[in-house]
Structure formats: structure tokens, C-alpha cells
Amino acid sequence: MTQPSPNGDPRLVHDAELRRWFVVFDTQAAGWLNDGYTLSWYCRSHYLTVEGSAESVVPTFDDTHPDPTAAAQRVQYLARQGHSSATAFDWMNAPGAFTLWPRACARRARGADRRVRHPRLGRHRPHL
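Residues numbered from 1 in each chain as written. Predicted model: local features only at pLDDT ≥ 70, side-chain atom pairs only at ≥ 80, totals over all residues. Heavy atoms only, no water.

Peer 1: Go over helix 4 (residues 68-80), please, and point to the residues and values.
Peer 2: Between its first and last C-alpha, helix 4 extends 19 Å over 13 residues, near the 18 Å set by a 1.5 Å rise per residue. Packing partners of the buried residues in helix 4 comprise helix 2 (29-34), strand 2 (48-52) and strand 3 (86-87). (Helix = DSSP H or I, 4+ residues; strand = E, 2+ residues; numbered from the N terminus. Expected span 1.5 Å × (residues − 1). Contact = heavy atoms within 4.5 Å.)

Encoded structure:
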């Protein structure tokens, strides 16, 4: 895992041979939402994002015993608005927070999905 970048592709600071190995990006949930990250880029590019400490997003919740409904709504919000692939939290008594929510990724405009044929696998993969 590596830290995200507020300017889009965080892999650009690494050698070109290493870039393809970065597929999971993580930081605190509050950081994803408040530090100017272009979250739609990660989602649209099919990268996994992990948002930790969901209880710390404003308004903050009790670290271990939040209102169960509010906790579930927070995780749903992070999946839809924050494009979170996985959300981590310290809550123990919030069963609704363990629900799977679809990640809301904006679709590319028709024709904008540039695909290239993988030279060895013969399958198509997104052009990065």
C-alpha cells in the first residue's frame, strides 16, 4: 500500500517499472475527504482505496460505541462519496457498519475508456 496523492496518480513519483505494482492506497478517512485528494481518479482507474478511522470524520463518533444507525450511515457515506473500497473503524457495537455498500464510481464518457491489449495475457486491461 502507498499513500494517495492530491494531484491524481501517486505512482508518478516512483520508477516506471514499479508503478504497476501499486494497486492499494490508504490513509485516514478524514484525510481522504479533507486533504484535497481527487478520489474519483482512484475509483475510475480501478484502484483499491482503504479509509481508516471512520470514527474520526467530522462529526466524530465515540471510538468504540457509536450510535449503530449513524455508524452504518458513515460507512455508506464513505463508500459512496469517498469512493472507499474498504473502511476501517474501531467500533464494536455497530452491526450495521459491517454491511457491504457499493462504491460509487463515475462512469467514463462513451469512447473515453481507452483499453489496450496486454501483450502476454491477450486480455484487455485499462490503459494507465
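Moving on from the model shown.
Peer 1: Quick one: what's the story with the environment of A104, residue by residue and with numbers?
Peer 2: Along the chain, A104 falls in the loop between strand 3 and strand 4 (115-117). C-alpha of A104 to C-alpha of C43: the two residues are 61 residues apart in sequence and 7.9 Å apart in space. Dropping the residues within four chain positions of it, A104 is found in contact with C43, A79, R80 and H83.

Peer 1: Describe the packing of aromatic side chains, naming the residues involved and giving the relevant values.
Peer 2: Applying the stated criterion across every chain, the model contains six aromatic pairs. Judged by centre distance (5.3 Å) and plane angle (80°), the ring pair of W32 and Y42 falls under edge-to-face. Remark: Y42 occurs in helix 3 (residues 39-44) and W32 occurs in helix 2; sequence separation between them is ten residues. Residues W32 and Y42 agree in their burial class; the two are buried. Clustering of aromatic rings is evident, with ring pairs tying together F25, W32, Y42 and Y47. Sitting over the ring of F61, R74 keeps its end group 4.0 Å from the ring centre. (Phe/Tyr/Trp six-rings, centres within 6.5 Å; stacked < 30°, edge-to-face > 60°. Buried < 20%, exposed > 50% of the residue type's maximum accessible area, 1.4 Å probe, protein only. Lys NZ or Arg CZ within 6 Å of the ring centre and 35° of its normal.)

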